[in-house]
Amino acid sequence: MQLRPRQREFVSRVQAALAKHGNTLAVAPTGFGKSCSMSAVGLALGGRGLILQHRDELVDQNRATYRRVHQSAETDVYNAERKRWSPGVTFGMVQTLAGEDNLASIPALDWVIVDECHHVAADTYRSIIGRVRQQNPKAKVFGVTATPQRGDKKALVEVFNNVADVVQLSEVIAAGDLVRPRVFVIDCGLRSELAGIKRVSDFDQQEVEAIMDKEAINTRVVQEWQSLAGDRRTVIFGSTVRHCEHVCEAFVAAGVKAVVVHGAMAKAERRQLLKDLERGLIQVVLNVAVLTEGWDCPPVSCVILLRKCSHKGTMLQMLGRGLRKVDPEKYPGVYKSDCIIIDFGYSILNNGDLNTDVVLEPHKGKPMTKDCPECGMKVPAGVANCPVCDHVFDGVSRRQQEAEEKGILEDFRLTEVEILELSPYRWQDMFDGAVMMANAMSAWAMLVMYRDRWHAVGRAEGQPAHLLAVGSDKVAAMASADDFLREHGDKDASRKTKRWLTEPATEKQLSLLGIAGQTFMPITKYLASCQLTWKFNEKDIQRLVMRA
């Protein structure tokens with residue numbers, strides 16, 4: 001199995017962190033290919049290892065992937081049915097290994113990889129890792145997860161003291177490995193009530209239920225779904241099991257085949273219901289949190305949020321259930337080009353864009369990492385929020401800042417949140433929509449409409465401008481331009497542009513634009529910077545666009 005370029009980069013960063021610290025944590029969204037990336041790390045480490053997981057399905061999945069990555073690898077399984085240690089790699093169930101007799105059986109290992117490693121706060125995980133380190137103090141420990149945030153904040157630091165990599169959801173989408181999300185936010189007039197819910201480690205979902213579990217709202221959920229995604233297989237995340245059951249009743253009353261799955265359900269029954277969804281015998285499955293991780297059903301192309309998510313990582317796990325592409329050989333006749341996300345709980349708005357702000361490479365002499373003052377984790381220097389405990393480094397959460405700037409959505413009913421809103425860069429409308437531009441300080445990108453096609457043009461510091469993409473799909477062109485800015489732009493400086501949206505243009509900017517001293521509607525510093533960029537690069541842009 002060949003790794004994709006971003007996966008190879010991921011593995012390289014993990015190896016470097018393990019060599020330096022002896023442990024590391026990495027964050028990657030659903031659909032990135034965590035299983036094959038973990039396998040490549042294990043293969044690179046060599047020696048005798050253990051891959052820990054907390055579900056039987058993950059044991060089977062990870063072992064099968066490891067064999068594809070390393071066909072001649074010696075592997076075995078340590079679970080309730082089979083307790084065998086391999087001289088190569090053992091795939092162990094946490095619940096089994098944590099038993100006192102089973103702990104004593106752990107041999108000297110060279111490394112441990114923990115899947116869904118946000119669970120390492122549990123005593124079961126720590127007892128296993130403690131035994132491994134007792135047997136070999138130099139054993140390396142690597143954890144991977146899509147949701148590192150925990151309410152206890154410091155729990156992960158007892159095992160990991162640094163973050164090696166944070167893979168952006170937009171990177172995986174732009175690479176074509178996931179389908180594009182189409183995000184709709186539905187306002188049922190509950191925003192102010194939901195805003196008052198208390199939060200300890202997470203929002204109190206019982207309070208969410210009390211606000212959202214009403215017959216009129218449940219009926220509205222079905223109506224909006226029928227309008228936006230009535231022909232799609234759908235997974236719904238509710239606040240409580242009772243909430244899910246009531247919403248399910250509304251779907252069934254409308255003639256939709258819908259079921260609820262929950263943790264107290266027998267595994268065989270739950271497995272059969274999910275298989276029926278995959279086969280198209282059921283159209284809608286509701287749950288609280290049992291499907292957030294370790295479950296994939298590529299035909300799902302709609303996700304509905306009927307709860308409030310306190311952590312962006314949890315929200316992304318839920319959204320990721322609908323973003324996987326469909327293998328036409330495995331699912332003949334199933335076509336999927338996007339995933340409709342319907343958010344009734346305002347999680348998208350509260351959490352801002354779908355990415356974690358991060359710069360993993362040093363820029364202009366800046367350090368590559370920094371220490372989080374709240375949880376002590378060593379994290380990439382460019383993060384605005386700690387990916388582990390969600391500490392805000394710059395004092396103001398970017399999502400809160402943007403909400404204030406936009407005066408977000410107090411009087412709307414349905415709003416589609418486009419990629420423009422999900423980008424960490426602010427796209428400026430110029431020339432009545434014929435040109436769109438984003439300035440990332442050390443790089444800029446533009447979308448230019450010419451002859452009914454969108455032309456994406458970009459320029460990085462010290463390089464000439466060049467064509468990034470051409471096509472009739474504005475979103476696809478935007479994705480190419482946005483990806484270019486993520487690679488070449490200064491992410492720290494991009495946050496600075498947010499302040500420029502309200503600050504007036506400087507006298508120097510006005511002078512360069514030839515409008516100093518004139519009476520006109522005041523323009524912002526950011527708009528002025530975009531207009532100057534166009535002025536200084538107009539000939540190069542026109543040449544590239546007209547030749548395409």
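Predicted model, so just to flag it, every value in this text is computed and none were measured.

Draft legend 1. Examining the overall build of the chain more closely. On a plain count of helices and strands, the chain comes out with 20 helices and 21 strands. Counting the 548 residues in the chain, one finds 56% classified as buried. Expressed as a percentage of contacts within the chain between residues at least 6 apart in sequence, the contacts between residues at least 24 apart total 69%. Taken as a whole, the chain presents about 23,600 Å² of accessible surface, with 49% of it coming from carbon and sulfur.

Draft legend 2. Quick look at the packing of aromatic side chains. Going through the model one piece at a time under the given rule, you end up with five aromatic pairs. One aromatic cluster is present, built from ring pairs that chain together Phe10, Phe32 and Phe142.

Draft legend 3. Main features of helix H12 (residues 267-279). Under the 1.5 Å per step criterion, the end-to-end length of H12 is 18 Å for 13 residues, consistent within 8% with the ideal 18 Å. Listed in full, the buried residues belonging to H12 are Arg270, Leu273, Leu274, Asp276 and Leu277. Seen from one end, H12 has its buried residues packed into an arc of 150°, which puts them on one side. Every exposed residue of H12 that faces more than 90 degrees away from the buried side is listed here: Lys267, Ala268 and Arg279. On its buried face, H12 is in contact with strand S9 (233-237), strand S10 (258-260), strand S11 (284-287) and strand S12 (300-305).

Draft legend 4. Inspection of the layout of surface pockets at higher detail. Looking at the largest pocket, its volume works out to about 1,400 Å³. Along its surface, the largest pocket is lined by 47 residues, and Gln61, Gly294, Trp295, Asp296 and Arg324 are the ones closest to its centre. When contributions to the lining of the largest pocket are tallied by element, the ones reaching two or more residues are helix H2 (34-45), helix H3 (56-69) and H12. Counting residues per element, the lining of the largest pocket draws most heavily on H3, at eight residues. When its residues are assigned to classes, the lining of the largest pocket shows 14 nonpolar, twelve polar and 21 charged.

Draft legend 5. Just the pattern of salt bridges, in detail. Overall, the coordinates contain 15 salt bridges when judged by the stated rule. Across the pair Arg279 and Asp276 runs a salt bridge whose closest N-O atoms are separated by 4.0 Å. Highlighted residues: Arg279 and Asp276, both in helix H12, separated by three residues, approximately one helical turn. Via salt bridges that share partners, Arg6, Glu9, Arg13 and Asp165 belong to a single interconnected network.

Draft legend 6. Region of the structure containing the pairing of strand S20 (residues 453-460). The buried fraction of S20 amounts to six of the eight residues, a majority that puts the element mostly inside the structure. Pairing of strand S19 (residues 443-450) with S20, which is carried by eight bridges, proceeds in the antiparallel orientation. Across the sheet, Val448 pairs through a bridge with His455, a residue of S20. Between S19 and the antiparallel strand that follows it, S20, lie two residues; Arg451 among them carries a positive phi value of about 55°. In terms of strand pairing, S20 meets strand S21 (residues 466-471) through five bridges, oriented antiparallel. From the neighbouring strand, Ala456 faces S21, where its bridge partner is Ala469. In this antiparallel pair of consecutive strands, S20 and S21, the connection spans five residues, and Gly462 shows a positive phi of 85°.

Draft legend 7. Structural detail: the sheet that holds S19. The sheet built from five strands is open, its strands ordered S17-S18-S19-S20-S21 with antiparallel pairing. What marks the edges here is a single partner per strand, and that holds for strand S17 (428-430) and S21. Direction aside, neighbouring strands of the sheet carry axes that sit 20° apart on average. Each of S17, strand S18 (435-439), S19, S20 and S21 is contacted by helix H20 (residues 525-547), which is oriented at about 60° to S19, the strand it contacts most.

Draft legend 8. Inspection of the packing of H2 against H3 at higher detail. At a closest axis distance of 9 Å, the pairing of H2 and H3 adopts a crossing angle of 60°. Classified by the angle their axes make, H2 and H3 are oblique. Two packed elements cross with a definite hand, and for H2 against H3 that hand is right-handed. Where H2 abuts H3, its residues Ser35, Cys36, Met38, Ser39, Ala40, Gly42 and Leu43 lie against Gln61, Asn62, Thr65, Tyr66 and Val69. Partitioned by chemical class, the residues of the contact of H2 with H3 number six nonpolar, six polar and no charged.

Draft legend 9. Up close: the confidence of the model for the chain. For the chain, per-residue confidence averages 80 on the pLDDT scale, and 79% of positions sit at 70 or higher. In the model, residues 395-413 has pLDDT below 50 throughout and makes 39 contacts with residues more than four positions away in sequence or in other chains.

Draft legend 10. Spatial organisation of the nonpolar core. Grouped together as the largest cluster of nonpolar side chains are 59 residues, with contacts concentrated most on Phe10, Phe142 and Leu291. Sorting elements by how many residues they give to this core places helix H1 (residues 5-21) first, with five residues. With residues up to four places along the chain from it excluded, the contact list for Leu291 reads Val235, Phe237, Val261, Leu274, Val285 and Arg321. Trp85, Leu109, Val141 and Cys375 belong to the second-largest nonpolar core, a separate cluster that totals 34 residues.

Procedures and definitions
- For every chain, the first residue of the written sequence is number 1, and numbering continues from 1 onward in sequence order.
- The predicted origin of the model limits local features to residues at a pLDDT of at least 70 and limits the giving and counting of side-chain atom pairs to 80 or more, whereas totals for whole chains, interfaces and linings rest on all residues.
- Side-chain figures throughout are based on the complete set of non-hydrogen atoms in the structure, without hydrogens or water.
- Helix and strand definitions follow DSSP, with helices as H or I runs of at least four residues and strands as E runs of at least two, each counted in order from the N terminus.
- The buried label goes to any residue with under 20% of its type's maximum accessible area, the exposed label to any with over 50%, and the partly exposed label to all in between, with areas taken from a 1.4 Å probe on protein chains only.
- Contact criterion: two residues are considered in contact whenever any of their non-hydrogen atoms come within 4.5 Å of each other.
- Methods summary: accessible areas were calculated by the Shrake-Rupley approach with a probe of 1.4 Å, and residue burial reflects only the protein chains presented.
- The rule is short: rings of Phe, Tyr and Trp, with Trp giving its six-membered ring, pair when the centres are within 6.5 Å, and they are stacked under 30 degrees, edge-to-face over 60, tilted in between.
- Helices are assigned an expected span. That span is 1.5 Å times one less than the residue count.
- This arc is taken over the directions from the axis of the helix to the C-beta atoms.
- Note on definitions: the grid is 1 Å and covers protein atoms alone; a cavity is a set of points where a 1.4 Å probe fits but cannot get out; a pocket is an open set with protein on both sides within 12 Å along at least five of seven lines; lining residues have an atom within 4 Å of a point.
- Grid points are joined across faces, edges and corners, and a volume is the space filled by probe spheres set on the points.
- Residue classes follow a fixed rule: Ala, Val, Leu, Ile, Met, Phe, Trp, Tyr, Cys and Pro count as nonpolar, while Asp, Glu, Lys and Arg count as charged, and any other residue, Gly among them, counts as polar.
- Whenever Lys or Arg places a side-chain nitrogen within 4 Å of a carboxyl oxygen from Asp or Glu, that contact is recorded as a salt bridge.
- In this scheme, strands are said to pair when DSSP sees at least two bridges between them.
- Orientation is described by axes fitted as lines to C-alpha atoms, over the contacting stretch for helices, and by angles from 0 to 180 degrees between their N-to-C directions.
- Angle categories: roughly parallel below 35 degrees, roughly antiparallel above 145, roughly perpendicular from 65 to 115, and oblique for all the rest.
- Note on convention: near helix rotated counterclockwise from far helix by under a right angle means a left-handed crossing. Clockwise means right-handed.
- On a scale of 0 to 100, pLDDT captures the predictor's confidence in every residue.
- We call a set of buried Ala, Val, Leu, Ile, Met, Phe, Trp, Tyr and Cys residues a nonpolar core when their side-chain atoms join them within 4.5 Å.

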